[in-house]
Amino acid sequence: MHNQTVAQLVEQLQSKAVSSVELTQYFIDRIKSRDGELNSFITVTEEQAIAQAKAADARLAQGDAPALCGLPIAHKDIFCTEGVRTSCGSKMLDNFISPYDATIVSKYQQQGVVCLGKTNMDEFAMGSSNETSYYGPVKNPWATNCVPGGSSGGSAAAVAARLAPAATASDTGGSIRQPAALCGITGLKPTYGRVSRYGMIAFASSLDQAGLMARNAEDVALLLGSMSGFDPKDATSIDEPVDDYTRFLNAGTLSSGNTAKPLNGVRIGIPDEYFSEGLNPDTEKCVREAIEQFEKLGATTKAITLPHTGLSVPAYYVIAPAECSANLSRFDGVRYGYRCENPQDLDDLYCRSRSEAFGDEVKRRILVGAYALSAGYYDAYFAKAQKARRLIQQDFVAAFNDVDLIIGPTSPSPAFEFGSKGADPVAMYLEDIYTIATNLAGLPGMSVPCGKVDGKPVGLQIIGNYFAEAKMLGAAHQFQQATDFHQQAPATYE
């Protein structure tokens, strides 16, 4: 059952070929037996999952259950889950049992979706390798001496190793797309505001976006609608009708009229800036071959320019730390979370609780952010970064006047070995060079597998205009109908 897609499992549940209890227990047993080496889960919620599965089976027996009822998935440990530890990969929240559900968790529960557990992640979603987690690094199922990417490395590894059919994730600067690329699965970051952030522990509020990971675009399309929609509890949620994300999957074409090729009329932009120095040549070859496949499917391609791409990394690493320094100020050792022992006074309580519970990367970003927001430096750093952000967004607006989608690499290279970039934070930050701009602009982006280099997956990034998720998923699905990269699994976990 672990090699079946979400679409196949949903069909079996609806036809009662398998029960939700059977399916859920199967994946829990697989997690117990196979996750020891990967460390992709922080918490496995077996008792709760079986109870949810029994309730789902009761709904399925009545014959009018929602389409996803009974499907087991995993949640990234950044999403609050009532009665379950929600740690955000940090010692600071190691003892935090959430008293409520994040909106996306409750939406899936209303659909009868079963929660298998909470997946490992970089601490407070800060990292590109899943090496900063308090619970230890997650290993890449394709090469266990290599990172799975971050911060959603636990979700990516769990899906790639067939420990869960799908998983929720979050993306602040590439944290869905980059690990999806390194683990050979499909991951999508929706338009900013498309999915509620209520109950998602904040890193950088103007950049954070909840999304999904699954094996293919069809599975993501099936799952995305249930987590999307306006939420009055989230001030950044956009009141826009939820699209039918499956509408382009089997329509035969993404454009009007009946044509022999499914992508006829689709205009794809290839940014010059995404194929410059720093891109691994073998990775580039895989991406170029994928672009040729899109052309064979009928799409037209043209070179475009996003001239302010070079500003994305420096702008991001001013804005994101600034916002994180404000968001993480709530963790003070007073109300919830870690508290140091025997504090001498209030200052000692604050200082020791934070210094003992936050990891090095989190401390680094808090300090950078506090500096950028301090008197005398706000205009020099934060205000300038916001101006650069607007220029980056305007580049995309201009590009989408001429093209429907933008395609390029997701990550500059395949998965790298543990410890190879830990001593150089800037080198680690550059892992997100192709993904950060979409977060700054608030655009949707996704990654699909498009080849391998030295046996490790390579990801192709597809960027769409605002609320163009259905078109992106349709194009990705047609690409996956013509290729088999998304069907390949790590040999050890087949």
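Residues numbered from 1 in each chain as written. Predicted model: local features only at pLDDT ≥ 70, side-chain atom pairs only at ≥ 80, totals over all residues. Heavy atoms only, no water.

**Student:** For this particular structure, what's the right way to read helix H11 (residues 360-373)?
**Tutor:** Each α-helix winds once per 3.6 residues, and so residues spaced three or four apart point in a common direction. Given a rise of 1.5 Å per residue, 14 residues ought to cover 20 Å, and the 20 Å separating the end C-alpha atoms of H11 matches this to within 8%. All buried positions along H11 are accounted for by Glu361, Val362, Arg365, Ile366, Gly369 and Ala372. One side of H11 holds all its buried residues, which, seen down the axis, span an arc of 135°. More than 90 degrees from the buried face of H11, the exposed residues found are Asp360 and Leu367. The elements touched by buried residues of H11 are helix H9 (312-327), helix H12 (378-399) and helix H13 (425-429). (Helix = DSSP H or I, 4+ residues; strand = E, 2+ residues; numbered from the N terminus. Expected span 1.5 Å × (residues − 1). Buried < 20%, exposed > 50% of the residue type's maximum accessible area, 1.4 Å probe, protein only. Arc of directions from axis to C-beta. Contact = heavy atoms within 4.5 Å.)

**Student:** Sorry if this is basic, but what is going on with the pattern of salt bridges here?
**Tutor:** Note that side chains of opposite charge can pair when their charged atoms are close. Going through the model one piece at a time under the given rule, you end up with 15 salt bridges. Of the charged contacts in the structure, one is a salt bridge between Arg352 and Asp348, with a shortest N-O distance of 3.1 Å. Of this pair, Arg352 and Asp348 both sit in helix H10 (residues 346-357), four residues apart, which is roughly one turn of the helix. Among the ionic pairs, Arg364 bridges to Glu361, the shortest N-O distance being 2.3 Å. Of this pair, Arg364 and Glu361 both sit in helix H11, three residues apart, roughly one helical turn. With relative accessibility at 33%, the residue Arg364 sits in the partly exposed group. Glu361 sits in the buried class, given a relative accessible area of 12%. Through salt bridges with shared partners, a single ionic network connects Arg267, Asp404 and Lys471. (Salt bridge = Lys/Arg side-chain N within 4 Å of Asp/Glu carboxyl O.)

**Student:** Where do I start with the side chain of Glu469 in this structure?
**Tutor:** By secondary structure assignment, the location of Glu469 is in helix H15 (residues 469-482). Despite its burial, Glu469 pairs with no opposite charge; the closest candidate is Arg194, at 6.0 Å N-O. Once residues within four sequence positions are removed from consideration, Glu469 is found in contact with Leu188, Pro190, Thr191, Arg194, Leu224, Tyr245 and Pro444. (Lys, Arg positive; Asp, Glu negative; His and termini not counted.)

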